[in-house]
Amino acid sequence: MQRIIIELSKMSSRNYCVVFIIFALAIVQAVGYNTELYETAACDSNACFEQLHGALGDCSCNVDTIDYFNNVKIFPRIQSVVGKDYFRFYKVNLKKECPFWADDSRCAMKHCHIKTCSKESVPGFENGYDNDYEEMSPALKYTENAQSPCKSDTDHDPALGYLNMTLSAASQYEIAKWKAYDDSIGNFCECDDKDADAEYVDLSLNPERYTGYKGPSAHRIWRSIYQENCFRVKTNPYESFPYVLSSDLSNMCLEKRVFYRAISGLHSSINIHLCSKYLLSEKKLGFAAPPEGEWGSNLDEFQRRFDPSLTFGEGSNWLKNLYFVYLLEMRALAKAGPYLEREDYFTGNPVEDEETRDAIRNMLGVIYSFPDHFNESSMFIVGNQATKLKQEFREHFLNISRIMDCVGCDKCKLWGKLQTQGLGTALKILFSGQWDSFEGDPEQGRLMLKHKSHKRLQRTEIVALFNAFARLSNSIRELENFRNMLSTHTETHQKNIFGGSQDVDPRKVRCSAAGSKARIWS
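What you are looking at is a predicted structure, and each value in this text was computed from that prediction instead of being measured. (Residues numbered from 1 in each chain as written. Predicted model: local features only at pLDDT ≥ 70, side-chain atom pairs only at ≥ 80, totals over all residues. Heavy atoms only, no water.)

**Student:** Which parts of the structure should I look at to understand the UniProt feature "binding site: FAD" (unreviewed entry) in the protein chain?
**Tutor:** Look at the UniProt record and you will see "binding site: FAD" (unreviewed entry) annotated at Arg 209, Thr 211, Trp 222, Ser 264, His 267 and Arg 305. The residue Ser 264 is located in helix α10 (residues 254-276) in this model. Once you skip the residues sitting within four places of it in the chain, Ser 264 turns out to touch Tyr 226, Trp 318 and Asn 321. Among the structural elements, His 267 can be located in helix α10. (UniProt positions renumbered as here; feature names shortened; annotations may be inferred. Helix = DSSP H or I, 4+ residues; strand = E, 2+ residues; numbered from the N terminus. Contact = heavy atoms within 4.5 Å.)

Written as structure tokens, this is what we have:
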């Protein structure tokens, strides 16, 4: 009898435990439901874009002006420009080793690989496409083999007029270092187009899009950029969140804010490219199916990367930084415009080259008309502290350009290096000082073009500058598509839940985006 009572007591205890667990789960679900509906900002068209208007900060321009100017005037023109042969081929070294850590992750997915092309396939290469790089090293000019004998003058006595122009190996080495230093003055990123391993890549055959490259390797790239190379006032309180909080930016000087916002804007642009060209499905059956699968806009991925509720409220600020770096690069194009208008854009095809020059002049004419350009003259005011700050500014960005060699996906590395070099070229134009006097005297452009060995911009820099600006322009254009998709998505979601009720507060409707706060920088 006593044993039966004990068994019944145990069963009763189990039943109470089961009831308690069920009750606890019900409470957790209820709390989670209420939190999801009411305490977290909804990711509808308002939540994701409600702050994406008005003044940008650190400049006199506003978002709405840039939206219209880019989508209506710039976007169609810059897409036409970068479609020309001159801008399709980019020379880059993708085999350069990572200088900071062992390259322990290589993307094995087929979408990570790129298709290179031979030099002979580049339009105009056989007619001197690369002539603007052909310059004998100063160290080689003074070797014995490089000297020509003076035998044409019958009155010349070689014994009396002999001039020893040979240099020792040590002197040649020193002169080579001087040349490298002179070439680096004012550069904000490394140009590896002269490397032995540099190859031409047809950008039209290797479009920037989502490749599946993610995980620790990708996270380390951006973590190194933000935590080790961006200026910071303090470490933010959120674990696994490497960004500078917008509330802390006001405690930085203008120059450091500009640096961070430029990097953040570039990162936002890259993220938008990946979201707008996402692999939605692999190969499908049927004759009309695209051979490489179906690519398109991924709304959930966009929300995961920019939803304010998943980014500690920073998503809208990151999108604003996209507009900021767009404004910065557009100012660089305007400042170098008189020079760029006189560039040859040589490919060996006279008709194509003339069309390219016309397209450039047409787009620059539109850029000149923009009313609120970024004002770089307020930065790095003369003084020892300003000089030191500019040097730090340049060195930090130079380091970021080197980090691009650590990317484990070839296609990601290609577009990362190109867009970084494009932004670095814009910074060179704005802050190196080489262009300050030039802008006031456009006729200098004619002089510089007569001396190719002293060109202020190399061909690869020009190609990177225009393609990088085209990528930013494309990102702003894609934002309009995502805004429309979010609006349609929210309306459909409301109808499904509330039966089409018109009296629903959209802020209380939770979007279907799924993601982790700790992994939004992939």
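**Student:** Just to check I follow, could you spell out empty space enclosed by the protein for this structure?
**Tutor:** It is the rolling of a water-molecule-sized probe over the atoms that shows where space remains empty. In the structure shown here, the tally under the stated rule is five cavities of 30 Å³ or more. In this structure, the largest cavity occupies an estimated 110 Å³ of space. What lines the largest cavity is Tyr 90, Lys 96, Cys 189, Glu 190, Asp 192, Ser 401, Arg 402, Met 404, Asp 405, Lys 417, Thr 420 and Gln 421. Counting only elements with at least two residues in the lining of the largest cavity, the list comes to α15 (384-403) and α16 (410-431). Ranked by the residues each element gives to the lining of the largest cavity, the list is headed by α16, at three residues. Counted by class, the lining of the largest cavity contains three nonpolar, three polar and six charged residues. (1 Å grid on protein atoms, 1.4 Å probe; cavity = no way out; pocket = protein on both sides within 12 Å on 5 of 7 lines; lining within 4 Å. Points joined across faces, edges and corners; volume = space filled by probe spheres on them. Nonpolar A, V, L, I, M, F, W, Y, C, P; charged D, E, K, R; others polar.)

**Student:** Could you clarify how one ought to interpret the nonpolar core in this entry?
**Tutor:** What tends to happen in soluble globular proteins is that the nonpolar side chains get buried as a cluster. If you look at the biggest cluster of nonpolar residues, it comprises 111 residues, and the most contacted ones within it are Phe 87, Phe 302, Leu 340 and Phe 466. At 13 residues, helix α12 (residues 315-335) tops the list of elements feeding residues into this core. Excluding residues that lie within four positions of it along the chain, Phe 466 makes contacts with Ile 78, Val 81, Val 82, Phe 87, Leu 333, Leu 340, Tyr 345, Ile 360 and Met 363. (Core = buried A, V, L, I, M, F, W, Y, C linked by side-chain atoms within 4.5 Å. Buried < 20%, exposed > 50% of the residue type's maximum accessible area, 1.4 Å probe, protein only.)

**Student:** I'm lost on the state of the cysteines in this one. Help?
**Tutor:** Covalent bonding between the sulfur atoms of two cysteines is what defines a disulfide. Applying the stated criterion across every chain, the model contains one disulfide. The disulfide bridge from Cys 98 ends at Cys 406, spanning 1.9 Å between sulfur atoms. Of note, the bridge from Cys 98 to Cys 406 carries an S-S torsion of about 75° and is right-handed in sense. With Cys 98 in the loop between β1 (89-92) and β2 (116-117) and Cys 406 in the loop between α15 and α16, this residue pair connects regions lying 308 residues apart in the sequence. In this structure Cys 98 comes out as buried when scored by relative accessible area, which is 12%. Using a relative accessible area of 1% as the deciding quantity, one classes Cys 406 as buried. Free cysteine Cys 59: the closest other cysteine sulfur is in Cys 61, separated by 5.9 Å. (Disulfide = S-S within 2.5 Å.)

**Student:** Explain unusual backbone geometry here, please?
**Tutor:** Working note: non-glycine residues mostly have negative phi, and peptide bonds are mostly trans. Not every positive phi belongs to a glycine, and Phe 312 is a case in point at roughly 55°. Turning to its location among the elements, Phe 312 is positioned in the loop between α11 (299-306) and α12. In this model, Tyr 345 sits at a positive phi of 50°, which is unusual for a non-glycine residue. The residue Tyr 345 is located in the loop between α13 (337-340) and α14 (350-368) in this model. Relative accessible area serves as the criterion here: at 1%, Tyr 345 is assigned to the buried category.

**Student:** Teacher, can you tell me more about the packing of aromatic side chains here?
**Tutor:** Here the distance between the centres and the angle between the planes together describe a pair of aromatic rings. All told, the structure shown has 22 aromatic pairs when counted by the stated rule. Ring plane angle 25° and centroid distance 4.9 Å describe the contact between Tyr 326 and Phe 469, whose orientation is recorded as stacked. Separated by 143 residues along the polypeptide, Tyr 326 in helix α12 and Phe 469 in helix α19 (residues 459-498) bring together distant segments of the chain. A residue is classified by how much of its surface remains accessible, and Phe 469, at 0% relative accessible area, is buried. Aromatic side chains Phe 380 and Phe 431 sit 5.3 Å apart centroid to centroid with 80° between the ring planes, which places their arrangement in the edge-to-face category. Of this pair, Phe 380 sits in the loop between α14 and α15 while Phe 431 sits in helix α16, placing them 51 residues apart in sequence. (Phe/Tyr/Trp six-rings, centres within 6.5 Å; stacked < 30°, edge-to-face > 60°.)

**Student:** I would appreciate a short explanation of the pattern of salt bridges in the present structure.
**Tutor:** Throughout the structure, instances matching the rule amount to 22 salt bridges. With its nearest N and O atoms 3.8 Å apart, the salt bridge here joins Glu 190 to Lys 96. Here the residue Glu 190 occupies a position in the loop between α7 (169-184) and β3 (199-202), and Lys 96 occupies one in the loop between β1 and β2, the gap between them amounting to 94 residues. Judged by relative accessible area, which is 36%, Glu 190 ranks as partly exposed. Across the salt bridge formed by Arg 361 and Asp 358, the nearest N and O atoms sit 2.6 Å from each other. Highlighted residues: Arg 361 and Asp 358, both in helix α14, separated by three residues, approximately one helical turn. Within this structure, Lys 96, Glu 190, Asp 192, Asp 195, Arg 402, Asp 405 and Lys 417 form a network of salt bridges that share partners. (Salt bridge = Lys/Arg side-chain N within 4 Å of Asp/Glu carboxyl O.)

**Student:** Before we go on, may I ask you to explain the environment of Phe 241 in this structure?
**Tutor:** Along the chain, the position of Phe 241 falls in the loop between α8 (216-229) and α9 (246-249). Sequence spacing of Phe 241 and Arg 223 is 18 residues, and the spatial spacing of their C-alpha atoms is 8.6 Å.

**Student:** Whenever I open this one, the confidence of the model for the protein chain confuses me. Can you help?
**Tutor:** Regions with low pLDDT should not have their predicted coordinates read in detail. When pLDDT is averaged across the protein chain, the result is 76; 63% of the residues are at 70 or more. The low-confidence segment residues 439-454, where pLDDT is below 50, has 22 contacts with residues more than four positions distant or belonging to other chains. (pLDDT = per-residue confidence, 0-100.)

**Student:** What is the right way to read the UniProt feature "active site" (unreviewed entry) in the protein chain from this model?
**Tutor:** Mapped onto this structure's residue numbering, the UniProt feature "active site" (unreviewed entry) falls at Cys 409 and Cys 412. Take Cys 409: it is sitting in the loop between α15 and α16. Summarising the element assignment, Cys 412 is placed in helix α16. Taking relative accessible area as the criterion, Cys 412 reaches 24% and is therefore assigned partly exposed. Setting aside residues up to four positions removed in sequence, Cys 412 forms contacts with Thr 211, Tyr 213 and Val 407.

**Student:** Even after reading the chapter, I still don't get α8, so can you show me in this structure?
**Tutor:** Side chains that are three or four residues apart share a direction in an α-helix, a result of its 3.6 residues per turn. The first and last C-alpha atoms of α8 sit 19 Å apart over 14 residues, in line with the 20 Å expected at 1.5 Å per residue. At Arg 223, α8 shows its maximal kink, close to 25°. Of all the residues in α8, the buried ones are Ser 217, Ala 218, His 219, Ile 221, Trp 222, Ser 224, Ile 225, Tyr 226 and Asn 229. Of the surrounding secondary structure, the elements contacted by the buried residues of α8 are α10 and α15. (Expected span 1.5 Å × (residues − 1). Bend = angle between axes of the 7 residues up to and from the residue.)

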